[in-house]
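# Close look at the chain arrangement
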Amino acid sequence: MTAGVKIEKLCKSYQVAEKNLKVLDNLTAEFQEESITVILGRSGCGKTTLLRILGGLESYDSGTLDIPDHGKIGMVFQEPRLMPWLTVWKNIGFGLPKRRISEPDIQALIHTVGLQGFEKARPMQLSGGMQQRVSLARALAYNPELILMDEPFAALDYFTRTVMQEELIRIYSLQKKSIVFVTHSIDEALLIGQKILVLKQGSVEQEISLSGYAYPRDILSSDLIEIKKNIITTL
Ligand SMILES: Nc1ncnc2c1ncn2[C@@H]1O[C@H](COP(=O)(O)OP(=O)(O)O)[C@@H](O)[C@H]1O
Ligand SMILES: [Mg+2]
């Protein structure tokens with residue numbers, strides 16, 4: 001079972017030095033199940049705030065959210081957030097009772113994210129890309145209905161990032177999870193999104209469907225370049 005998400009008129013403000021900072025302003029959006037939805041926007045436009053609200057890590061002021069219960073949501077952050085003293089194997093199963101995840105399950109996840117042979121390595125011994133693979137495996141270990149990813153590849157170099165984008169699409173093709181992926185990179189959004197929601201001033205300014213574009217995509221194709229120009233105008 002996977003799940004869609006429905007957000008209606010979501011509002012969120014922060015109090016900063018006695019000033020009211022409106023971050024999300026009547027945001028309405030829908031994310032289809034078994035689909036990759038990308039939230040694209042400039043730095044500071046409220047992407048992380050939206051994702052944290054969806055993940056139950058942040059409160060909101062008004063509006064409605066229709067999401068799976070929080071036990072069924074997995075999160076992957078920009079930095080890997082692993083336990084440095086635990087091996088890859090133990091990090092993946094961390095916090096999960098044995099009845100929820102078996103040894104063959106963990107082995108299968110290690111295979112899914114391509115970390116065979118590194119089961120006993122510790123985070124320090126891995127590259128940034130490999131650490132993010134562990135984070136992704138950890139999120140998948142909970143068998144979530146929905147995976148929220150906040151700029152998970154932003155800190156990686158171009159080549160590693162490209163590999164990880166391909167990996168995400170491969171894993172998605174295997175498992176067909178519902179994924180909400182936040183990025184400020186238009187190219188990344190075009191490569192992986194089935195739907196792109198362009199966020200501006202706290203609400204969805206533009207919605208682009210890319211479900212007709214099969215993976216792997218060529219972002220230098222004339223169609224996608226046209227869409228990119230269009231997004232730049234909006235942003
Ligand atoms: N806990 C907080 N307290 C006060 N202001 C915050 C907090 N978190 C984020 N903000 C502000 O809210 C705005 C949106 O932040 P954020 O959601 O992190 O944007 P993005 O992820 O798109 O870069 C920014 O102006 C940021 O400074
Ligand atoms: Mg952010």
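All values reported here derive from a predicted model rather than from experimental measurement.

What follows concerns the sheet that holds strand S9 (residues 203–209). The strands that make up a sheet pair up through hydrogen bonds in the backbone, lying either parallel or antiparallel. In space, the 6 strands of this open sheet follow the order S5-S6-S7-S3-S8-S9, with mixed pairing throughout. A single partner strand is all that each edge strand has here, and the edge strands are strand S5 (73–76) and S9. Across the sheet, the mean angle separating the axes of adjacent strands is 20° when strand polarity is ignored. Bridging between strand S3 (residues 36–40) and strand S7 (residues 178–183) involves 5 bridges; their strand directions are parallel. Pairing of Val38 across the sheet is with Phe181, part of S7. Against the sheet, helix H5 (residues 158–175) makes contact with S3, strand S6 (146–150) and S7, and its axis sits at roughly 160° relative to S7, the strand it touches most.

This next bit is on the environment of Val204. Structurally, Val204 can be placed in strand S9. Separated by 163 residues in the primary sequence, Val204 and Gly41 have C-alpha atoms spaced 9.5 Å apart. Leaving out residues up to four positions away in the same chain, Val204 has contacts with Leu27, Thr28, Ala29, Leu197, Val198 and Leu199.

Moving on, we get to the environment of Leu82. Relative to the assigned elements, Leu82 resides in the loop between S5 and helix H2 (88–93). A relative accessible area of 13% means that Leu82 is categorised as buried. For the pair formed by Leu82 and Gly114, sequence separation is 32 residues and the distance between their alpha carbons is 17 Å.

Turning our eyes to something else, we now look at the pattern of salt bridges. Across all of its chains, the model carries 10 salt bridges by this definition. Residue Arg170 pairs with Glu167 through a salt bridge whose shortest N-O separation is 2.9 Å. Highlighted residues: Arg170 and Glu167, both in helix H5, separated by 3 residues, approximately one helical turn. Between Lys228 and Asp187 there is a salt bridge, and its shortest N-O distance comes to 2.8 Å. Of this pair, Lys228 sits in helix H7 (residues 222–234) while Asp187 sits in helix H6 (residues 186–192); the two residues are 41 residues apart in sequence, bridging distant segments of the chain. We classify Lys228 as partly exposed; its relative accessible area is 27%. On the basis of relative accessible area, Asp187 is assigned to the partly exposed category, the value being 27%. Via salt bridges that share partners, Lys12, Arg52 and Glu58 belong to a single interconnected network.

Below, the discussion takes up the layout of surface pockets. What the largest pocket holds in volume is close to 320 Å³. Mapped onto the lining of the largest pocket, the elements with two or more residues apiece are S5 and helix H4 (128–141). If you tally residues by element for the lining of the largest pocket, the top one is S5, at 4 residues. Tallied by class, residues from the lining of the largest pocket come to 9 nonpolar, 4 polar and 3 charged.

This paragraph deals with the side chain of Arg161. Looking at where Arg161 falls in the secondary structure, it is placed in helix H5. Residue class for Arg161 comes out buried when judged on its relative accessible area of 15%. Not counting chain neighbours up to four residues away, the residues in contact with Arg161 comprise Phe153, Ala154, Leu156, Thr183, Ser185 and Glu188.

This brings us to H5. Taking 1.5 Å per residue, 18 residues should reach 26 Å; H5 reaches 26 Å between its end C-alpha atoms and fits that length. When H5 is considered as a whole, its buried residues turn out to be Arg161, Met164, Gln165, Glu167, Leu168, Ile169, Ile171 and Tyr172. Along its buried surface, H5 packs onto S3, helix H3 (103–112), H4, S6, S7 and H6. Capping the start of H5 is the job of one residue whose side-chain oxygen sits 3.0 Å from the backbone nitrogen of Phe159: Asp157.

Quick notes on the rules
- Residues numbered from 1 in each chain as written.
- Chains lettered and ligands numbered in written order.
- Predicted model: local features only at pLDDT ≥ 70, side-chain atom pairs only at ≥ 80, totals over all residues.
- Heavy atoms only, no water.
- Pairing = 2+ DSSP bridges.
- Helix = DSSP H or I, 4+ residues; strand = E, 2+ residues; numbered from the N terminus.
- Axes fitted to C-alpha atoms, helices over the stretch in contact; angles between N-to-C directions.
- Contact = heavy atoms within 4.5 Å.
- Buried < 20%, exposed > 50% of the residue type's maximum accessible area, 1.4 Å probe, protein only.
- Salt bridge = Lys/Arg side-chain N within 4 Å of Asp/Glu carboxyl O.
- 1 Å grid on protein atoms, 1.4 Å probe; cavity = no way out; pocket = protein on both sides within 12 Å on 5 of 7 lines; lining within 4 Å.
- Points joined across faces, edges and corners; volume = space filled by probe spheres on them.
- Nonpolar A, V, L, I, M, F, W, Y, C, P; charged D, E, K, R; others polar.
- Expected span 1.5 Å × (residues − 1).
- Polar contact = N/O pair within 3.5 Å; in protein donor to acceptor, adjacent residues only side chain to side chain.

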